[in-house]
Amino acid sequence: MSKRIAAALAAFVLCAPVAFAAPPPSSAKPDLRPDKAPVPPPAWVAKSNGYAQVLLKVLAEFNPEFASQFGLPGYDDKVVDMRPNVSERSRAALTKARNELQQDLAKTSDANVREDLEIMIHAADRFIASSKLQDQYMLPYTDVGQTIFQGEFGLLQDQVSAERRPHALARLKCYVGMAPGCTPVTKEAEALFEAKTGDKKLLGPYKAEVEQNLANTQRYVEGVRKLYAKYKIDGAGPALDALQKQLNDYDAWVKSTVLPRARADSRLPEAIYADNLK
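Computed from a predicted model, the values in this text were never measured in an experiment. (Residues numbered from 1 in each chain as written. Predicted model: local features only at pLDDT ≥ 70, side-chain atom pairs only at ≥ 80, totals over all residues. Heavy atoms only, no water.)

1. Observations concerning the overall build of the chain
- A count of helices and strands for the chain gives 11 helices and zero strands.
- Starting at the N terminus and walking to the C terminus, you meet the elements of the chain as α-α-α-α-α-α-α-α-α-α-α.
- Expressed as a percentage of the 278 residues in the chain, the buried residues total 47%.
- Long-range contacts, defined as pairs at least 24 residues apart, comprise 76% of the intrachain contacts of the chain with a sequence gap of at least 6.
- Carbon together with sulfur atoms contributes 56% to the accessible area of the chain, which is approximately 14,300 Å² in total. (Helix = DSSP H or I, 4+ residues; strand = E, 2+ residues; numbered from the N terminus. Buried < 20%, exposed > 50% of the residue type's maximum accessible area, 1.4 Å probe, protein only. Contact = heavy atoms within 4.5 Å. Areas by Shrake-Rupley, 256 points an atom, 1.4 Å probe, with all protein chains shown as cover.)

2. Focus: the layout of surface pockets
- Reported here for the second largest pocket is a volume of approximately 330 Å³.
- Every residue lining the second largest pocket is counted, 19 residues in all, and those nearest its centre are Lys78, Val79, Arg83, Cys174 and Cys182.
- Listed by contribution, the elements that provide at least two residues to the lining of the second largest pocket are α2 (43-62), α7 (167-175) and α8 (185-194).
- Class assignment of the residues belonging to the lining of the second largest pocket gives a composition of 11 nonpolar, two polar and six charged. (1 Å grid on protein atoms, 1.4 Å probe; cavity = no way out; pocket = protein on both sides within 12 Å on 5 of 7 lines; lining within 4 Å. Points joined across faces, edges and corners; volume = space filled by probe spheres on them. Nonpolar A, V, L, I, M, F, W, Y, C, P; charged D, E, K, R; others polar.)

3. Quick notes on the pattern of salt bridges
- By the definition in use, this model includes 14 salt bridges.
- Here Lys107 makes a salt bridge to Asp104, at a shortest N to O gap of 3.8 Å.
- Overall, Lys107 belongs to the exposed group, its relative accessible area being 63%.
- Owing to a relative accessible area of 8%, Asp104 belongs among the buried residues under this scheme. (Salt bridge = Lys/Arg side-chain N within 4 Å of Asp/Glu carboxyl O.)

4. Quick word on the packing of aromatic side chains
- In total, this model carries five aromatic pairs according to the counting rule given.
- Measuring from centroid to centroid gives 5.4 Å for Phe66 and Phe70, while their planes differ by 55°, and the two rings are tilted. One exposure class covers both Phe66 and Phe70, and it is buried.
- Considering the side-chain rings of Phe149 and Phe153, the 6.0 Å spacing of their centres and the 5° angle between planes classify their relative orientation as stacked. Taken together, the residues Phe149 and Phe153, both in helix α6 (residues 144-153) and four residues apart, mark about one turn of the helix.
- Residue class for Phe149 comes out partly exposed when judged on its relative accessible area of 23%.
- The class of Phe153 is partly exposed, set by a relative accessible area of 37%.
- Through a chain of ring-to-ring contacts, the aromatic side chains of Phe149, Phe153 and Tyr220 assemble into a single cluster. (Phe/Tyr/Trp six-rings, centres within 6.5 Å; stacked < 30°, edge-to-face > 60°.)

5. Things to note about empty space enclosed by the protein
- Evaluation of the coordinates by the stated rule reveals one cavity of 30 Å³ or more.
- Its volume calculated, the largest cavity comes out at about 40 Å³.
- Residue lining of the largest cavity: Tyr141, Asp143, Val144, Gly145, Val210, Asn213, Leu214, Thr217, Tyr250, Asp251 and Val254, and that is the complete set.
- At four residues, the largest contribution of residues to the lining of the largest cavity is made by helix α9 (residues 207-230).
- Here the residues of the lining of the largest cavity are counted per class, giving six nonpolar, three polar and two charged.

6. A word on a nonpolar patch on the surface
- A cluster of nonpolar side chains, contributed by Leu268, Tyr273 and Leu277, occupies part of the molecular surface with about 320 Å² of accessible area.
- Counting through the fold element by element, Leu277 comes out in helix α11 (residues 270-277). (Patch = residues over 30% accessible without salt bridge, like charges linked within 9 Å, V, L, I, M, F, W, Y side chains within 5 Å.)

7. Some details on the packing of α6 against helix α10 (residues 237-258)
- Between α6 and α10, whose axes approach to 10 Å, the crossing angle comes to 150°. The orientation of α6 relative to α10 falls into the category roughly antiparallel. Here α6 contributes Val144, Gly145 and Ile148 to the contact with α10, which in turn contributes Leu243, Leu247 and Tyr250.
- Residue classes in the contact of α6 with α10 are distributed as five nonpolar, one polar and no charged. (Axes fitted to C-alpha atoms, helices over the stretch in contact; angles between N-to-C directions. Parallel < 35°, antiparallel > 145°, perpendicular 65-115°, else oblique.)

In structure tokens:
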């Protein structure tokens, strides 16, 4: 299992902050045939998985939807962090985690564990470098409708246990600011973008992509409503109505604030393009 966890973590930390990775299947399942006693995984797997928790904790802090998909308990009602300075805060947390993993690597002799640690350290380094480039060249635009739909779909699907699915409503209430301590994510996304609009050197998102995001908004809202109807989650009406209104308002803001800064050229800055090729 550990190799797949390391690979999944690597894939995730190299994605955009609001992206999601599917939970990895286990490659170290015990043999459960009737004539066989369960075989525990090798000791190095447990040790390596323990090291993986260092990165998982950071990812869960900033992208709890990912942690929830990964099966970590306690994150089903949490939502992505889009509060001020999230890029700087996530890089600082990941740098601290990477340094801890480097210390673990220095005192580890097992080749399998070392390989996993090296994968995770490399992934952390890549995320930190990519995040800095994004801050240097790009305005922080988010397709909030997609973010919310993915977060809800992560809980409202057949392979998720029936006991967990109702947590989707707690998550939705946080997305729309109806839960204690939660601010509507649309407002957080607006604030992140507007905090950087004074820097005229920063590039906006690709115009055609933004226009497609706007065209998708209603499908995301309808998709979330259908998921709640399918799984019979009661009491969601006010939150679903708030979602509709807030995404409509967000689209209006995108049209007035983001589209004027959107770029017609789909090409990325050379430094970001080169980084993406790595």
